[in-house]
Amino acid sequence: METTPSAPAADLAPPKAEIDPGPGYPRHWEADVVASDGGIVHLRPILPRDADALLRFHESLSERTRYLRFFGPYPRISPKDLVRFTTVDHRSRVGFICLLGDEIIAVGRYEGLPGDGGPGGTEGTPGPDSAEVAFVARDEHQGRGLGSILLEHLAAAARENGLRRFEAEVLVENHQMVRVFRQAGYQVSRAFSEGVLHLEFDIDPTEQSLAVRDAREQRAEARSVHNALHPASVAVIGASTDPSKIGHAVLANLLRGNFTGPVFPVNPDARSVRGVRAYASVTDIPDEVDLAVIAVPAAGIDEVMDSCLEKGVTALVVISSGFAEAGEGGTVAERRLVAEARAHGMRVVGPNALGVVNTAPDVRLNATLAPDIPGSGRVGFFSQSGALGTAILASAKERGLGLSTFVSAGNRADVSGNDLLQYWQTDPATDVVLLYLETFGNPRKFARLARRLARTKPVVAVKSGRHTGPTPGLALTAAPIDEASVRALFEQSGVIRVETLAELFDTALVLAYQPLPTGPSVAVVGNSNALGLLVSDALLDEGMELAGAPVDVGTAAPPEEFASAVAKAAGDAGTDALVAVFVPPIATPGAAYARALREAVKGIDKPVVAVFLAAEGVPAELAVPGPDGTPMRGSVPSYPSPERAAAALARVSRYARWHARPVGEFAVPDGVDSERAREVVARLGSGERHELSDEDALELLACYGITLAEFRRVTGAEAAVAAADELGYPVAIKAAGARWRHRTDLVGVRLDVGAPAGVRRAHGDLAGITGHDEVYVQRMAPKGISCVLEIVDDPSFGSLLSFGLSGMATELLGDRAFRVVPVSDQDAAALVRAPRAAPLLAGYKGTEPTRLEALEDLVLRVGRIAEDLPEVRSLALDPVLASPEGAAVIGARIVLGPPPNRADGGPRRLR
């Protein structure tokens, strides 16, 4: 695999003030993208001022590359072609360039093909349907996936401009280009003539093309993190001779940790630091530098950046503070730091970070401020907080929890938790993932990545700021996210949510050293009846089940008897997990019992935890030691209280149940017509928020196979009688004003009206209450349990689905469940069963159960609306009557508005 070449030193001057590209320039198409080797490229639309750079790019191509792209020698671009290539309208003619520094390294373009005068075109002029696409990369950058990146972004721009299809002419010997098209996930048709392949394909995203995009994104982003965690060499910029300075601490920790590569202190005022030769600048280092740890004041960061860019450093870890957390001036400096780094292909951890750790024996990287780190293990840890990082590492070591990698991202200006999720997805050294989060930069992406990762590796997360929000100045791109949304995100993604760092470590110890339980049945064995009962109560409180009564061997039982009872209980077919309880007798050391317990459960494929009242974590006597003394798989975690042991085991059991469930399918329900729905929304407009009329709401819902109980909106008593006669009795009469119809006391509704006289009486009652003569007359649906299904606007996700039963008690208690879109069939089933009142739907105390599958189908249809139509800012099906016959929608309200920015949609980009 090729590495990213560094830009020439002459091109590394600070960027000039941005030039206004002029009206019509699609700035939202600009993106920083991760190439397949983990390097960053900047992609943007081409402009006339790029002419000189395009000429240099063309001259840098080999004759072979020019021949394959232009079907002939084409040694130089003519003035006429130069204008055509750089002057585009960003509609029928679009061009993108990939930049490294100021130099173009790849170009892609599409040009509309002559149409037949369809919508937007006239005979012989570019029409709206098809365009020819082509791209080329500099020879030394070929093989980095730039062609695939350009194709994704060109297709997205084309779809935005109303195009539906791409065509391409490719020489049959241009195997790389053919492979780009063939592996993109589209259905490509091919025709061959005179050595040229003619390719055609629709550019609407397909399930396969989205899967290809996500897989490429995962590999690229994982590689970019791998580069930062597996450096061959490290420079510490700001390595001070003063032991009180952070630069000295980082260097000392790198040396103390026996990093396997060379370490270069950078200090212009010292010949050596801690006995290692120092250099005045990173550019003076004679060898390559993969990772630079920056520990200079924020005011000096620009000069350091220039030297790192010139040196071709791959990744930066910025320990320095004084950026976004320090106020507006620091925020500007932080954005400039990241923009400069990305423009030259580098990723940034931080600023204000504690640093990074990789305990692999062939790396041994401790580029942090923490002098003492845990031993090698199989747990990855990401922390947004630099300040907490040292305490986290110390606590992990104290509890005997070995780590594979640790990243403290500080302000998280570039590398984020999502990047680490991508890395750990395929990291063979990591089995368990721990997260300390303050904000979500891209919650939709987090949900997608966490759901995928949790299927293979458990993810445990602390989300702080539940009541007060994140630390000021952190996560410049983060949107606020409320607690209900966080809960929905974690539940749906299979993330194990904990409230404290202590709970995080308690849970991690079980996951790291014990297998997952296959059921909820737990045996309790100990030498104290009182403690056994406390453990039993704690397990039942957590929703677990007991595998029989607690076994008490008595305080006088020797270690062998204790171990025999444990082995017998663990070996029972009705036991899914075991808690061993121990109170140290006065005459016998507890260590002997711990060793006996460890040996008794060796090889048992069921989780075992201990409550040894004097021990927390993994004491040496309960540990299976690894090569460096760190506990390994098979070690038995111990807890100082019954409640903590039971809670940790219960969390792991709930995760095991989620993990055992089918993955779920994202199938489109029958009768959904998304194209027609988009046409309806386009016709109705979404420039400003507005509520749809009844007729428009019905039309839009019909596109998704959702119908309402038939109704008429009429004025006057006799018109109401006529409508009731037409619909058929019995009917419901409802006030036209929403404030009356949707009250929980039903003051604005009259139900089961069975005759014309009743209609007149109901109309008169409602007119007297509301002062209006207009009413709804609606055919009565089968009686059922009243529910509400909504799309609710969320500042982070754009839209969430909300479900609950109707009624004042539900509103008072907030008994609503939420799910993030898209929703699978498993998500839909879980959503309608999630509210605390949901047992009423399944048949409570002998009542007939409702057809839950009808509610699930309705959830899937509303979920498609939320996913297909971001312009739908809110939707409420209220009420929905769930009955043994099905789910009848009685009322609907829909609000359209400007769509939110969906940061996880479209082609790949760093966000």
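Refer to the structure above for everything that follows.
Q: Please explain the packing of helix α25 (residues 825-833) against helix α26 (residues 852-868) as it appears in this structure.
A: Pairs of packed helices are described in terms of their axes, by the angle between the two and the distance that separates them. The contact between α25 and α26 brings their axes to 9 Å, and the two run at 120°. Viewed along their axes, α25 and α26 adopt a mutual orientation that is oblique. Every pair of crossing elements has a handedness; the one defined by α25 and α26 is right-handed. Taking contact as the criterion, the partners of Asp825, Ala828, Ala829, Leu831, Val832 and Arg833 in α25 are, on α26, Leu852, Leu855, Glu856, Val859 and Leu860. Residue composition of the contact of α25 with α26, by class: eight nonpolar, no polar and three charged.

Q: Sorry, what's going on with the side chain of Ser307 here?
A: Position of Ser307 among the secondary structure elements: in helix α8 (residues 301-311). Its relative accessible area of 13% is what places Ser307 among the buried residues. Polar side-chain contacts of Ser307 include one of 2.7 Å to the backbone oxygen of Val304. What Ser307 contacts, discounting residues up to four positions off in sequence, is Ser281, Val282 and Thr283.

Q: Looking at this structure, I do not really get the sheet that holds strand β20 (residues 432-437). What am I missing?
A: The strands making up a sheet are joined through hydrogen bonds of the backbone, oriented either antiparallel or parallel. If you trace the seven strands from one edge of the open sheet to the other, you get β17-β16-β19-β18-β20-β21-β22, paired in mixed fashion. Both outer strands of the open sheet, β17 (365-368) and β22 (496-498), are each paired with one neighbouring strand and no more. When strand polarity is set aside, the average angle formed by the axes of neighbouring strands in this sheet is 15°. The sheet contact formed by strand β16 (residues 355-358) and β17 spans four bridges and is antiparallel.

Q: Explain empty space enclosed by the protein here, please?
A: Picture a little ball the size of a water molecule; that probe, rolled over the atoms, points out where space is still empty. For the structure on display, the rule yields six cavities of 30 Å³ or more. If you trace the largest cavity, you find 21 residues lining it, with Arg412, Ser416, Gly417, Asn418 and Asn442 closest to the centre. Elements supplying a minimum of two residues to the lining of the largest cavity: α11 (417-425) and α12 (443-454). By residue number, the principal contributor to the lining of the largest cavity is α11, which donates three residues. Across the lining of the largest cavity, the residue classes tally to four nonpolar, eight polar and nine charged. In terms of lining residues, the second largest cavity is bounded by 14 residues, among which Leu54, Arg69, Phe70, Phe85 and Val107 are the most central. Those elements that provide at least two residues to the lining of the second largest cavity are α1 (51-60), α2 (63-70), β4 (103-116) and β5 (123-137). Of the residues belonging to the lining of the second largest cavity, the class tally is ten nonpolar, two polar and two charged.

Q: I keep staring at the layout of surface pockets and nothing clicks. Help me out?
A: The calculated volume of the second largest pocket comes to roughly 1100 Å³. Taken together, 50 residues make up the lining of the second largest pocket; nearest its centre are Phe135, Gly147, Gln176, Met177 and Val180. In terms of residue class, the lining of the second largest pocket is built from 25 nonpolar, eleven polar and 14 charged.

Q: Is there a simple way to explain the pattern of salt bridges in this structure?
A: A side chain with one charge may pair with a side chain of the opposite charge, provided their charged atoms come close. In the structure shown here, the tally under the stated rule is 52 salt bridges. Between Arg165 and Glu200 there is a salt bridge whose closest N-O contact spans 3.2 Å. Linking Arg165 in strand β6 (residues 165-171) with Glu200 in strand β8 (residues 196-202), this pair joins segments that are 35 residues apart in sequence. Among the ionic pairs, Arg342 bridges to Asp414, the shortest N-O distance being 2.8 Å. In this pair, Arg342 is assigned in helix α9 (residues 328-343) and Asp414 in the loop between β19 (403-408) and α11, connecting sequence segments 72 residues apart. With respect to class, Arg342 is no different from Asp414; both count as buried.

Q: Would you mind going over the sheet that holds strand β32 (residues 774-779) with me for this structure?
A: Taken in spatial order, the four strands make up an open sheet running β29-β32-β30-β31, and their pairing is antiparallel. This sheet does not close on itself; its edge strands, each paired only once, are β29 (711-715) and β31 (749-753). Sheet twist, expressed as the mean angle between neighbouring strand axes with direction ignored, is 20°. Contacts between helix α21 (residues 717-727) and the sheet are confined to β29, β30 (731-735) and β32, with β29 contributing the most and set at about 165° to the helix.

Q: Just checking my understanding: could you explain the pairing of strand β18 (residues 376-383) for this structure?
A: The side chains of a regular strand alternate between both faces of the sheet. Counting buried residues in β18 gives six out of eight residues, a clear majority hidden from the surface. Across five bridges, the pairing between β18 and β19 is parallel. Its bridge partner being in β19, Gly380 is matched across the sheet by Thr405.

Rules and cut-offs
- Residues numbered from 1 in each chain as written.
- Predicted model: local features only at pLDDT ≥ 70, side-chain atom pairs only at ≥ 80, totals over all residues.
- Heavy atoms only, no water.
- Axes fitted to C-alpha atoms, helices over the stretch in contact; angles between N-to-C directions.
- Helix = DSSP H or I, 4+ residues; strand = E, 2+ residues; numbered from the N terminus.
- Parallel < 35°, antiparallel > 145°, perpendicular 65-115°, else oblique.
- Left-handed = near helix turned anticlockwise from the far one by under 90°.
- Contact = heavy atoms within 4.5 Å.
- Nonpolar A, V, L, I, M, F, W, Y, C, P; charged D, E, K, R; others polar.
- Buried < 20%, exposed > 50% of the residue type's maximum accessible area, 1.4 Å probe, protein only.
- Polar contact = N/O pair within 3.5 Å; in protein donor to acceptor, adjacent residues only side chain to side chain.
- Pairing = 2+ DSSP bridges.
- 1 Å grid on protein atoms, 1.4 Å probe; cavity = no way out; pocket = protein on both sides within 12 Å on 5 of 7 lines; lining within 4 Å.
- Points joined across faces, edges and corners; volume = space filled by probe spheres on them.
- Salt bridge = Lys/Arg side-chain N within 4 Å of Asp/Glu carboxyl O.

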